[in-house]
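Summary of structural features
Below are the chains, spelled out letter by letter.
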Amino acid sequence: MRKNWEPVPAGDRAERAKRFMITGFAFSHGGEVLEAYGNGLFQSTEPLPHPQGVARFASAAVCVNVLRPFAIEHFLKGLSVSSAGGYRRTHDLAQLYDDLRPEVQAISEELAEVDGIKPIRGLLMRHRNDFENWRYIAFTIPKPDIQALDDIDRNLRRVYVHEEFKRLCRAL
């Protein structure tokens, strides 16, 4: 048994995976809304009133960078529950990806290649601790990479509905 591995009983897997995916979609959508809001503030022709305007822009930027990796974490846990019968209790995105069955990782990497994006595991290695790093922004300011997080987000969503992934899950 893997450290911090949370097994999910067979009868509960579909429902638990669906809940992870739904919360992932909710966090992802929330990030998109906040990103649009922050972009609107940043592109405004009016100077940002200080300190409220700056605080609004900063809060949107920080929240986007917390919600995106949290959404990806939930997508990875949903994929893991569906295909491996459990998930690891961690925020480490690369570790969660490594917990996926090799066949699921292969689907993800194949879709990434088709979409012309960098290998997903490499992106996850670069962003493995984003959720924690952005939560503790008072200690360090990480460099945001929204495009990479968008690519990972889109890729994992596509894996979840991929026919080969569904076939693997039915065989579990």
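For the structure, see preceding data.
Below, the structure is looked at part by part. These numbers come from a predicted model, not from an experiment. (Residues numbered from 1 in each chain as written. Predicted model: local features only at pLDDT ≥ 70, side-chain atom pairs only at ≥ 80, totals over all residues. Heavy atoms only, no water.)

Ranked by internal contacts, the top residues of the largest apolar core, which has 26 residues, are I72, L76, I120, L124 and I152. Those elements that place two or more of their residues in this core are α2 (52-84), α3 (93-99), α4 (102-115), α5 (120-126), α7 (146-161) and α8 (163-171). Not counting the four nearest positions on each side in its chain, I120 is found in contact with Y97, S108, E109, A112, D151, I152 and N155. Membership of the second largest hydrophobic core comes to five residues, among which are A17, F20, V81 and Y87. (Core = buried A, V, L, I, M, F, W, Y, C linked by side-chain atoms within 4.5 Å. Buried < 20%, exposed > 50% of the residue type's maximum accessible area, 1.4 Å probe, protein only. Helix = DSSP H or I, 4+ residues; strand = E, 2+ residues; numbered from the N terminus. Contact = heavy atoms within 4.5 Å.)

Okay, the packing of α4 against α8 next. Viewed as axis vectors pointing N to C, α4 and α8 meet at an angle of 170°, and their least axial separation amounts to 10 Å. Our classification of the angle between α4 and α8 gives roughly antiparallel. Across from E103, V104 and I107 in α4, the residues of α8 making contact are E164, F165 and L168. Counted by class, the contact of α4 with α8 contains four nonpolar, no polar and two charged residues. (Axes fitted to C-alpha atoms, helices over the stretch in contact; angles between N-to-C directions. Parallel < 35°, antiparallel > 145°, perpendicular 65-115°, else oblique. Nonpolar A, V, L, I, M, F, W, Y, C, P; charged D, E, K, R; others polar.)

Counted by the stated rule, this structure contains five aromatic pairs. Here F27 and F70 contribute two aromatic rings whose centre-to-centre distance is 4.5 Å and whose plane-to-plane angle is 35°, an arrangement assigned as tilted. In this pair, F27 is assigned in helix α1 (residues 13-43) and F70 in helix α2, connecting sequence segments 43 residues apart. Judged by its relative accessible area of 23%, F27 is partly exposed. (Phe/Tyr/Trp six-rings, centres within 6.5 Å; stacked < 30°, edge-to-face > 60°.)

Our focus in this paragraph is unusual backbone geometry. One non-glycine residue, N4, adopts positive backbone phi at about 60°. By the element assignment, N4 lies in the segment before β1 (5-7).

It is worth spelling out the pattern of salt bridges at this point. Applying the stated criterion across every chain, the model contains 16 salt bridges. One salt bridge connects R126 with D145, and the closest N-O pair in it is separated by 2.7 Å. Here D145 lies in the loop between α6 (130-135) and α7 and R126 lies in helix α5, a separation of 19 residues in the sequence. Note on D145: relative accessible area 23%, which makes it partly exposed. Here K166 and E163 are joined by a salt bridge, their closest N and O atoms 3.6 Å apart. Of this pair, K166 and E163 both sit in helix α8, three residues apart, which is roughly one turn of that helix. The exposed category is assigned to E163, whose relative accessible area is 53%. Put simply, E15, K18 and R19 are held in one network by salt bridges that share partners. (Salt bridge = Lys/Arg side-chain N within 4 Å of Asp/Glu carboxyl O.)

The values are spatial; any link to function lies outside them.
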